[in-house]
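# Observations on chain architecture
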Amino acid sequence: MESAPSESDIIRVTSKTSTNVTINIAFGSISEVAIQIKNLAPASRYVCITDTTMRKIAGDRLRESFTQQGLKFDMKEIPPGEASKSRTMKEEIEDWMFSLPCGRDTCMIALGGGVVGDLTGFVAATYMRGVPFIQIPTTLLAMVDSSIGGKTGIDTPAGKNLLGAFHHPKLIFMDTQLLSTLPQREFCNGMAEIIKTAAIRDAELFDYLENNCDKILERDPELLHHIIRTTAKIKAEVVSIDEKEGGIRSILNWGHTIGHAIEALMTPTLLHGECVAIGMVLEAKLSHKIGELKSVTIVGRIARCIQSFNLPIRLPKNLEIDDLLRKMALDKKNANQRIRCTIVRSIGDTIEHPVPIEPQSFWDIISPKTTVTPAKVSGNIIVPGSKSISNRVLPMCSLAQGTCRISGLLNADDTQVMLEALRQLGIQLEWEDHGETLVVKGSGNSMKIPEKPIYLSNAGTAARFMTTLMTLVTDSKNDSQNKVVLTGSARMKERPISDLVDTLRSNGCQIEYVEKEGYFPLGFPGGAGLPGGNMELEATLSSQYVSSILLSAPYAKSQVDLKLKGEVVSLPFIQMTTRLMSAFGIDVKSDRPDHYEVPLGVYKNPPQFSVECDASSASYPLAMAAITGGTVTVLNIGSDSVQGDAQFYTVMEMMGCTAQQTKTSTTVTGPSDGVLKAVSVDMSSMTDTFMTVCAVAAVAHGTTRIFNIANQRVKECNRIAAMVTELGKLGVTCRELEDGLEIDGISGEISRLRSAEVECYNDHRIAMSFAVLGCRVPNVIIKDKECTEKTYPEFWMDIEEKFKLKTGYPTSLLNSQVENSSRQPVDKDDTIVIVGMRGSGKSTMGAALAEGLERKFIDLDTEFKEVVGLGVSEFVAKNGWEQFRIEEERVLKQVLSSNPKSAIISTGGGIVETPTAREFLQNFRGIKIQLYRDIDDVVEYLTQDKTRPQLPEDLKTLWKRREPLYHQCTDYEYVIRKGEKDLAASARNFVEFSKKILHPSELPRGQSFFLSLTNSNFSQSLPFISELTQGVHAVEARIDLLENLEPDFIRDQIAILKSATNLPIIFTVRSQNQGGKFLGTDSEYFNLKKLAVRLCCEFVDVESQRNFKERNLLWENRLTSRVITSWHGYSSGNSGNSPGKLSEVQLEAEILNCYTSGKTDVVKIVGFAKSLEDNFTLFNLISRFKLKVPIIAINAGEFGKLSRVTNQFMTPVTHPLLPTKAAPGQLSVEEISSIRQMISMPTTKKFYLFGFPISKSRSPLIHNTGFQVENLPFQYSLLETQNVEDVARSLRSAETFGGSVTIPHKENIMRFLDEISPSASQLGAVNTVFKLKDRLHGDNTDWLAIKSLIEKRLSTSTSTFNLKGLVVGAGGTARAACYAFFNLKIPFYIVNRSAEKAKILAAQFGGEFIEFSQLESFNLKFDVVVSTVPPSSNFTLPENILNTRPLLVELVYEPRITPLLQQALNFQLEFVEGIEILVEQAMHQFKIFTTRDPPRKEIISKLLENYPTLAEDP
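Treat the numbers as computed from the prediction; the structure is a model and nothing was measured. (Residues numbered from 1 in each chain as written. Predicted model: local features only at pLDDT ≥ 70, side-chain atom pairs only at ≥ 80, totals over all residues. Heavy atoms only, no water.)

Within the secondary structure, Phe98 is located in helix α3 (residues 87–99). Note on Phe98: relative accessible area 48%, which makes it partly exposed. Once the C-alpha coordinates of Phe98 and Tyr127 are considered, the two residues, 29 residues apart in sequence, prove to be 9.6 Å apart. Not counting chain neighbours up to four residues away, the residues in contact with Phe98 comprise Tyr127 and Met128. (Helix = DSSP H or I, 4+ residues; strand = E, 2+ residues; numbered from the N terminus. Buried < 20%, exposed > 50% of the residue type's maximum accessible area, 1.4 Å probe, protein only. Contact = heavy atoms within 4.5 Å.)

Here you go:
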């Protein structure tokens, strides 16, 4: 008979609370567990709950164990995964137990991970008011966490673990052998909880984890048993003190406040432990930020330990911070609406109770963005160890003989990459002094072949040094199949390595390019060593190639004689390498910079080695002093440094600072007057600090030129281009040179710069350089603060602690408009620049746009003549084209710099010929639109125009050359249809096009549809476009179904649609495997999508299957377009076979892919229904998702029609007039609306007219006609009341979605509303209320109706400059009339019997008051007269006013013929009837209520039936 585990393998902890629960934890084999259970929990029957996976692994052995003991045993399998942790499954288990039957003497057993344990425990807690249960955890996470503590529970749609109980198991039995089958990711998932326990409670265990990472990951049985036992005991002891989480037990939640919130948003993409790992790092940073964790090195230590177990430490890029904060607000630890968090003071020391944290502190920590609040910077600082030295010392120590203790080693991403690579080669590494000292046991060049590819991320130094080092990893069997691979991130695969590899290959080394010639990954088959001897290397690109060979050269087969070709770059770094090699016993001989002789030998490890600080990192605090006029001393870098960048202070001296350097420190003091000087500087000896100089140069006086840094284009990014681009966003003019750049400083005039979001390109030095600039310039928003962890993880914490700088992302910036590389927010006042070929219509269209937007128009050709004194033709004839381009550029810069706002500027056709002019246009903050006109139409037009100077080349040749240049300088294209002769009509469309850029449309609210156009040419739909688009909110252009996919044809097709309808356009290219016809590559696909953005298509459909990088790139550059990320579960190329049924899991994965695998504005999921039940599967799935964005969720196929009826947002529809349906099962708006009405779905949205008296109002007729035409389930009724509180109650009710407000409530209702529009605030009255996200919004459309009808009646060619207006009356409607005149910029007078009210009104809106008696003698001509007085007043205008023939606007519509309108008829004047005003303001209300344009014709027609004498619609 098998024996029970020995006492040494049992942990017993008795609760110190009143419950006296004993926690029993035993270790042993699962084959022995029945003995232990029989003694601790005797029962008549044992029932085991396990999942199907674990049943196969351990279930049969467990059953056998009970059978051998003669115990009654039953087992139930459940599906694996979190979905089983539900009410439904709990009920299923309970029903199964009732059927056995199971009584109160039953004992339950949980065999599995956390899901099985939580579920089984909750059933045991409630079955017959509680039965005993046993935990047999089978995952590392369950062993050290969920099985201990008595917490049980299930999930609900509202959240995780919201139903549960405390119910301690009688025994927790752990068989560590079960972990042998656990996938490595799941194993590391459990390690997160062990790291957490060590960090909060056991410093000794934390040290143990740091120094035994490799063996633990290899699952050494002895080590594994030790860490599990220690962790389990700690948790049991904590639980015994605080069973119900009222005190110290809360320390176990460290990392979980943020971690649980991440998990709620990222499941199943991230596992629990992975989320907690990220949470631990962020909460450690939070502890430091609030002043409890004093040492920033502890944050780095925690992060390093977590990373060593292959766990993440950074938030996923696609996580929305506000979503995260909302989830954190639901944390069970919170109190008094404050988020509370567990805080660590040091390793093993934690505050016992959760600490309330200010929301801003959380935001600062978790936001990927940050700013530095400008302030004078002074103080002393010690910066981290040198990356360059760290990454040179580590491979030398590893190759050397003996043991070396390294202090001051950089603890950052790049060194972590190098350390992990060396571990894989078998190098023994251990930490001492609580993580401050690394002990390296030299291998004497005896390295093992790694078992898997070595991943080097984007660590360029490590990648280059490892390339030569890998040739030393020889295989004694010389097995060419035993190939070692070096690989890296996507960016690493773009960084060239061919110069180094070519040299090594020429020397006889065996190296292969695994993917792309000249780039990573690299393969090393067999490994025959480094032959050595004479070697030649191209050294113009990177000094790291040279250092790579030098570092490994002592172990070559023959002495290396290395000669360098070309101009040697970054010589100080090569010299650093040779000096360090000398410190390790190898003296390199060099008689000149391009020649090195390396003797054969063995590195000798010194007992201790101290890494000096990183000179590049020291440049940032020194520059902060320079730019702010402070004084900073870096205490650990001086003249003794081996790094070239230690001379950075000399550049600051050149720029006007005072500086001092000792052997061990460097001090810089900025100029007291704040004026820095521009410099021209060769930075080849300190290339990594050129970006720091750029930051300082931006505010200096004059133009700074930095040169001899061409190799910076192949670093983490193209650093030169990046600095030009990002400084340009702030308003700094920069120019890229062949080997550097120029920066035009702003001479300290900070107001010339603007707020901007700076892209970091995953480059640590860009982020820190712009932090320098942020010390002087407000709201420099750095988008990726965490990229500094590559070389300086403590950067943000250091500048806060040492310099008292304030960093973080203030919530005040959340809604501010800042320059952003992704979706740049458009300022409605931004200047619009029009670019295009000569003859494309720039002047005509620009003038029309200026008038339509009421802006100043500047034609650059006209401006050229005013500035230069000669017209273009005359100047070219006299001076030639070359000189003209120079002067043209000068005029361009002058005009654009002087008119950054509220102007329309048309440029000359050849402005793009000059590179510097193109660059200036690119960096200009305004809106840049290319007029795109067919070149044949341009040629035809210019053939008739003989006034322009002769161009130097053929027009079509010129167009071919210029087309990409126009594209380079502009954001949008407005396309004039091929063959269009009426530029005036096109100009009107151009105005609408530009308005959509300035005022992007909002997403539809409520039920909405889009029409899928399936024509091969959209012109086929033009004759009946109004019928096709009736009731829809957008039009989908199915590009893949067009007869031609050439870009010019597509441009023309979109132009056709934009001229025919004002509805938003959805640009869709559906691939064949997604139900469409497109068969092109990813590159061809995304080129079409980029064109859609340029054409200002409101929506761009992007398939989730497409290249992830390209999808994100499109998102980042989508301008005003919105992205719909879509997935279609059927193919058009399956020969009529319907697709297989998709499981709920597959559908869930596709939704998550659409939502989380790339930013999106809308998610669209289209499955395929083979039965009605498939629709319910989809419904249930969607109901579980709480996406931040709207979702379109439907099924294709005949059975899928039900889903199209139930889908609420943007349902795709067809129409009988279209040639074919876009998808099987597609319905029309009429069909869907009819079905919805038949099944009474959904509940009607109610709108009202509120007021008294209103019984004769025509508003219900107007709105209900519109609702009916648009197939909307809305109803508009009267609510007649004199009590404003009745109105407020109705508006707050769930079924009311808004309404119209009239007398006597227009003013009184305002105090009940949540938000009021600026116009309604100005008028002091609301006539429209609508509900948005349960908030009541108030607006006023009365003035809009007056304004728009006046505009329509006045001639389109009439300027409002010399017009005059008259308002009759001084009541509420008179205020609307005054506000209309004010917005029309028409000077106006007010006449009213009560002078006092009229004078107040005149003063408020800038009008003038005149007495009634003055009208008859008034000599001024009025162009528009608006009457707001009741007909009973019998007001009429004197003849002298009528004789000036004004436009008469009557606001009263009952009776139709008022005394004023009778005068209009008698004098045959143009007029606007009161009913027209009523209809017009209702049209604006309709758009607010429904977000769609009203069916004006149908509404007018219906009104005519009841009001037959209505004037024709204007």
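Right, let's get into the pairing of strand β60 (residues 1424–1427). Of the two faces of β60, the one holding Val1424 and Val1426 and the one holding Val1425 and Ser1427 are both buried throughout. Bridge count between strand β57 (residues 1365–1368) and β60: four bridges; the pairing is parallel. Bridge pairing in β60 places Gly1365 opposite Val1424. Relative to strand β61 (residues 1447–1450), β60 runs parallel, the two sharing four bridges. Opposite Ser1427, over in β61, you have Glu1450 as the bridge partner. (Pairing = 2+ DSSP bridges.)

Once that is clear, we can look at helix α9 (residues 221–241). With 21 residues, α9 should reach 30 Å at 1.5 Å per residue; the first-to-last C-alpha distance of 30 Å fits that figure. By the N-cap criterion, in which a side-chain oxygen at the helix start approaches the backbone nitrogen of a residue two or three places on, α9 is capped by Asp220, the distance to Glu222 being 3.1 Å. (Expected span 1.5 Å × (residues − 1). Polar contact = N/O pair within 3.5 Å; in protein donor to acceptor, adjacent residues only side chain to side chain.)

Counting all residues, the mean pLDDT for the chain is 86, and 93% of those residues have values of 70 or more. A low-confidence stretch, residues 1–8 (pLDDT under 50), is modelled with 15 contacts involving residues beyond four sequence positions or located in other chains. Per-residue pLDDT stays below 50 along residues 1133–1140; that stretch engages in nine contacts with residues further than four places along the chain or on separate chains. (pLDDT = per-residue confidence, 0-100.)

To continue, consider a nonpolar patch on the surface. A contiguous nonpolar surface patch, about 290 Å² in accessible area, is contributed by Leu1172, Phe1176 and Phe1199. On the secondary structure map, Phe1199 appears in the loop between β49 (1191–1196) and α41 (1201–1206). (Patch = residues over 30% accessible without salt bridge, like charges linked within 9 Å, V, L, I, M, F, W, Y side chains within 5 Å. Areas by Shrake-Rupley, 256 points an atom, 1.4 Å probe, with all protein chains shown as cover. Salt bridge = Lys/Arg side-chain N within 4 Å of Asp/Glu carboxyl O.)

The next point concerns empty space enclosed by the protein. All chains considered together, the criterion is met by 15 cavities of 30 Å³ or more. Each pocket or cavity is described by its volume, and for the largest cavity that value is around 220 Å³. In terms of lining, the largest cavity is formed by 15 residues, of which the most central are Lys285, Ile365, Lys785, Trp796 and Met797. The biggest single contributor to the lining of the largest cavity is helix α26 (residues 795–803), with three residues. (1 Å grid on protein atoms, 1.4 Å probe; cavity = no way out; pocket = protein on both sides within 12 Å on 5 of 7 lines; lining within 4 Å. Points joined across faces, edges and corners; volume = space filled by probe spheres on them.)

In this section: the packing of helix α47 (residues 1372–1384) against helix α48 (residues 1395–1405). Running from N to C, α47 and α48 cross one another at 30 degrees; their axes reach a closest spacing of 10 Å. The angle between α47 and α48 falls in the class roughly parallel. The hand of the α47/α48 crossing is right-handed. Residues Ala1374, Arg1375, Cys1378, Tyr1379 and Phe1382 of α47 pack against Leu1401, Gln1404 and Phe1405 of α48. Of the residues that constitute the contact of α47 with α48, the class distribution is six nonpolar, one polar and one charged. (Axes fitted to C-alpha atoms, helices over the stretch in contact; angles between N-to-C directions. Parallel < 35°, antiparallel > 145°, perpendicular 65-115°, else oblique. Left-handed = near helix turned anticlockwise from the far one by under 90°. Nonpolar A, V, L, I, M, F, W, Y, C, P; charged D, E, K, R; others polar.)

Another point: the packing of aromatic side chains. Given two aromatic rings, one states the distance between the centres and the angle between the planes to describe the pair. Scanning the model with the defined rule gives 32 aromatic pairs in all. Considering the side-chain rings of Phe990 and Phe993, the 6.5 Å spacing of their centres and the 25 degrees angle between planes classify their relative orientation as stacked. In this pair, Phe990 and Phe993 are both assigned in helix α34 (residues 983–998), three residues apart and thus about one turn of the helix distant. A relative accessible area of 0% means that Phe990 is categorised as buried. Here the aromatic cluster, defined as three or more aromatic residues joined through ring pairs, consists of Phe1247, Phe1267, Phe1274, Phe1486 and Phe1489. The lysine or arginine in question, Arg304, covers the ring of Trp431, its NZ or CZ lying 3.5 Å from the ring centre. In this arrangement the basic side chain of Lys516 is found over the ring face of Tyr519, its NZ or CZ atom lying 4.6 Å from the centre. (Phe/Tyr/Trp six-rings, centres within 6.5 Å; stacked < 30°, edge-to-face > 60°. Lys NZ or Arg CZ within 6 Å of the ring centre and 35° of its normal.)

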